Amino acid sequence: MFRPAVVRFASPVAVVAAVFGVHAAIRFGGLWNFQLIALSMVVVWPLPWLLCGREGRTEIGLRAPVSRWWMLSGPAASLAVLGIGAATAWALFGSGPDNWFTHHAAELGRIAEGVPPGLSAPGLFWSLTVPPMIFSPLGEEFLYRGFLLRVGSARWGDRGGNVMQAAAFAIVHLAHYGLLPVQPALIALYLPTNFAVALVLAWMARRSGSLWVAVVAHSAYNLGLNALVFHLLPALVGV
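Scoring rules and cut-offs
- Residues numbered from 1 in each chain as written.
- Predicted model: local features only at pLDDT ≥ 70, side-chain atom pairs only at ≥ 80, totals over all residues.
- Heavy atoms only, no water.
- 1 Å grid on protein atoms, 1.4 Å probe; cavity = no way out; pocket = protein on both sides within 12 Å on 5 of 7 lines; lining within 4 Å.
- Points joined across faces, edges and corners; volume = space filled by probe spheres on them.
- Helix = DSSP H or I, 4+ residues; strand = E, 2+ residues; numbered from the N terminus.
- Nonpolar A, V, L, I, M, F, W, Y, C, P; charged D, E, K, R; others polar.
- Phe/Tyr/Trp six-rings, centres within 6.5 Å; stacked < 30°, edge-to-face > 60°.
- Buried < 20%, exposed > 50% of the residue type's maximum accessible area, 1.4 Å probe, protein only.
- Contact = heavy atoms within 4.5 Å.
- Core = buried A, V, L, I, M, F, W, Y, C linked by side-chain atoms within 4.5 Å.
- Salt bridge = Lys/Arg side-chain N within 4 Å of Asp/Glu carboxyl O.
- Expected span 1.5 Å × (residues − 1).

Quick look at empty space enclosed by the protein
Piece 1. Counted by the stated rule, this structure contains 1 cavity of 30 Å³ or more.
Piece 2. Estimates place the volume of the largest cavity at around 30 Å³.
Piece 3. Contributing to the lining of the largest cavity are Ser78, Val81, Val197, Val200, Leu201 and Tyr221.
Piece 4. At the level of secondary structure, the elements contributing two or more residues to the lining of the largest cavity comprise helix H6 (70–93) and helix H9 (184–208).
Piece 5. The element contributing the most residues to the lining of the largest cavity is H9, with 3 residues.
Piece 6. Of the residues that constitute the lining of the largest cavity, the class distribution is 5 nonpolar, 1 polar and no charged.

Let's talk about the packing of aromatic side chains
Piece 1. For the coordinates displayed, the defined rule picks out 13 aromatic pairs.
Piece 2. Here the aromatic rings of tryptophan 70 and tryptophan 203 are separated by 5.4 Å at their centres, their planes lie at 65°, and the arrangement is edge-to-face. In this pair, tryptophan 70 sits in helix H6 while tryptophan 203 sits in helix H9, placing the two residues 133 residues apart along the sequence.
Piece 3. Judged by relative accessible area, which is 14%, tryptophan 70 ranks as buried.
Piece 4. Note on tryptophan 203: relative accessible area 44%, which makes it partly exposed.
Piece 5. Taken together, the aromatic side chains of Trp90, Trp100, Phe101, Tyr177 and Tyr190 make up a single cluster linked through ring pairs.

A look at the environment of valine 197
Piece 1. Position of valine 197 relative to the elements: it lies in helix H9.
Piece 2. Remark: the alpha-carbon pair of valine 197 and isoleucine 187, spanning 10 residues in sequence, is separated by 15 Å.
Piece 3. Sequence-distant contacts of valine 197, defined by excluding residues within four places in its chain, comprise Val81, Phe169 and Tyr221.

As for the nonpolar core
Piece 1. Judged by nonpolar contacts, the single largest core of 56 residues is most densely connected at Phe2, Leu51, Trp100, Phe101 and Phe147.
Piece 2. Counting only elements with at least two residues in this core, the list comes to helix H2 (12–28), helix H4 (47–51), H6, helix H7 (100–112), helix H8 (121–172), H9 and helix H10 (211–232).
Piece 3. The leading source of residues in this core is H8, at 13 residues.
Piece 4. When sequence neighbours within four positions are dropped, the list of residues in contact with phenylalanine 101 reads Leu82, Gly85, Ala86, Ala89, Trp90, Leu225, Leu228, Val229 and Leu233.

Topic: the pattern of salt bridges
Piece 1. Enumeration over the complete set of coordinates arrives at 4 salt bridges.
Piece 2. The closest approach of N and O atoms between arginine 145 and glutamate 141, which form a salt bridge, is 2.7 Å. Of this pair, arginine 145 and glutamate 141 both sit in helix H8, 4 residues apart, which is roughly one turn of the helix.
Piece 3. Among the residues examined, glutamate 141 registers a relative accessible area of 0% and is labelled buried.

Focus on the environment of phenylalanine 125
Piece 1. Within the secondary structure, phenylalanine 125 sits in helix H8.
Piece 2. On the basis of relative accessibility, which here comes to 13%, the residue phenylalanine 125 falls in the buried class.
Piece 3. The spatial distance from the C-alpha of phenylalanine 125 to the C-alpha of glycine 56 is 37 Å, given a sequence separation of 69 residues.
Piece 4. Ignoring any residue separated from it by four or fewer positions in sequence, one finds phenylalanine 125 in contact with Leu223, Asn226, Ala227 and Phe230.

Thoughts on H6
Piece 1. With 24 residues, H6 should cover 34 Å at 1.5 Å per step; its first-to-last C-alpha distance of 34 Å lies within 8% of that length.
Piece 2. Taken residue by residue, H6 has Trp70, Gly74, Pro75, Ser78, Leu82, Gly85, Ala86 and Ala89 as its buried positions.
Piece 3. Each element contacted by the buried residues of H6 is listed here: H7, H9 and H10.
Piece 4. Of the residues flanking the end of H6, it is glycine 94, one or two places downstream, whose phi is positive at about 60°.

What follows is the structure, given as structure tokens:
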């Protein structure tokens, strides 16, 4: 998967561990500076071209899907997972502080304070939604469903690689909510929710043969997430 010049100095597992370590370290800096979360995505973007040749990029899934229908069914599946997660969160916690959707709405509200005043509600929505539809779907899919899934599966089998990438994905998302302050009830739902999302995205990437399907589905998930909190928690967002 990697260029010969890369594996000459380190094994594929060591390369992926180093990439993940840098990504995670920057991302957890987002606990204190939210902008670092976007930076943790951007540093991953060029890696498929820096670390891999053409065959390696094809191996991690940077190719067309086996069917164009995946570009529609993938986003539909991701929105279904979002709906299940939201229904569970509201059933357990309502709009209280242990519902991570509440924290997401409040975070959008803090970001909105830096947006130029006078925007309409749709303008505010898109200004807060377009970046998450680009930054994390590219960075996270390249890293988790690309590098971690492929290298993990080669080392520990398909099931082991799938569990490993999903666990890493879920744990790193604690850089968003659950740690400052520590909220055990929120974490108890937030971790398995993100674990399930990662499993579904990995399933899409494998069945479709294309990482781009997971990118588009992930982008749709983030679009749906913001649309949900704008609709259900407008006061927290500042609409």
